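# A closer look at the structure
One letter stands for each residue in the lines below.
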Amino acid sequence: MISNFFNTTSIYESNENILLFWQKKIFKWLFILILCIGVVPYLVSCKYAVDTGEWYRVVFYSMIYGLGIAITFIERIPFKYRVWAGLTGFYAMGVFSLVSTGFLGSTRAYLICFCLLCVIFSGLRFGLTAIVLNVLTLSIYAVFIHKAMVNPPLPGSVPPPMGTIVVIGTFTFICSVL
């Protein structure tokens with residue numbers, strides 16, 4: 001290693017490789033950025049939820065924001081658990097958005113972030129697994145809506161069955177390309 005050549009100490013811990021070192025750095029700074037940028041939407045969303053009497057949203061948003069703070073700053077938690085907690089947070093936000101706003105809103109953005117972060121922090125196999133999980137989630141929700149097992153949150157937001165297939169297919173294509 002270069003540090004040994006110049007007889008200096010390495011910036012990497014002895015038991016981690018360069019990829020893991022950079023994954024940790026990227027994870028920490030990405031989540032610091034998410035927390036900084038996300039504080040305004042968090043506060044506005046909570047205020048809106050209080051004004052509309054939807055307290056469950058305040059509880060959910062607070063849990064997700066608290067999770068973000070914990071996984072960013074409590075470095076005693078092993079990195080792989082912090083990564084999976086962060087990934088689960090993105091997936092949970094996607095599902096929550098899907099259930100509360102349907103196919104509109106930020107559902108697909110959260111699920112795309114979930115796929116991308118799975119690849120970056122856990123590898124291609126988990127990224128592909130995330131795509132399959134997302135497609136299953138959207139498909140099951142679409143079946144529930146079209147079989148009238150669940151009432152859509154916004155009735156005009158549900159495309160006809162063929163339109164739903166196009167939406168899910170396009171989503172899958174975009175996730176696969178990214």
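Residues numbered from 1 in each chain as written. Predicted model: local features only at pLDDT ≥ 70, side-chain atom pairs only at ≥ 80, totals over all residues. Heavy atoms only, no water.

Looking now at the overall build of the protein chain. When helices and strands are tallied, the protein chain shows seven helices and zero strands. Reading the helices (α) and strands (β) of the protein chain from amino to carboxyl end gives α-α-α-α-α-α-α. Within the protein chain, buried positions represent 35% of all 178 residues. Of the roughly 11,100 Å² that the protein chain leaves accessible, carbon and sulfur atoms contribute 73%. (Helix = DSSP H or I, 4+ residues; strand = E, 2+ residues; numbered from the N terminus. Buried < 20%, exposed > 50% of the residue type's maximum accessible area, 1.4 Å probe, protein only. Areas by Shrake-Rupley, 256 points an atom, 1.4 Å probe, with all protein chains shown as cover.)

For helix α5 (residues 107–122), which comprises 16 residues, the first-to-last C-alpha distance of 22 Å matches the rise-based estimate of 22 Å (1.5 Å per residue) to within 8%. Of all the positions in α5, only Thr107, Leu111, Ile112, Phe114, Cys115, Leu117, Cys118, Phe121 and Ser122 are classed as buried. Residues of α5 that are buried make contact with α2 (18–52), α4 (79–101), α6 (124–146) and α7 (161–177). Residue Gly123 follows α5 closely and has a positive phi angle near 100°. (Expected span 1.5 Å × (residues − 1). Contact = heavy atoms within 4.5 Å.)

Moving on to the nonpolar core. Membership of the largest hydrophobic core comes to 27 residues, with the highest contact counts inside it found for Phe27, Phe103, Phe114 and Leu138. Within the residue set of this core, elements represented by two or more residues are α2, α4, α5, α6 and α7. If one sorts the elements of this core by residue count, α5 sits on top with seven residues. Ranked by size, the runner-up nonpolar core spans ten residues in total, among them Cys46, Phe60, Tyr65 and Met93. (Core = buried A, V, L, I, M, F, W, Y, C linked by side-chain atoms within 4.5 Å.)

As for its position among the elements, Thr164 is in helix α7. By relative accessible area, Thr164 is classed as buried at 3%. The spatial distance from the C-alpha of Thr164 to the C-alpha of Ser139 is 8.5 Å, given a sequence separation of 25 residues.

What follows covers the side chain of Thr137. Checked against the element boundaries, Thr137 lands in helix α6. Assessed through its relative accessible area of 14%, Thr137 is described here as buried. At a separation of 2.5 Å, a polar atom in the side chain of Thr137 contacts the side chain of Tyr91. In this view, Thr137 contacts Tyr91, Val95 and Leu98; residues no more than four positions away in its chain are not counted. (Polar contact = N/O pair within 3.5 Å; in protein donor to acceptor, adjacent residues only side chain to side chain.)

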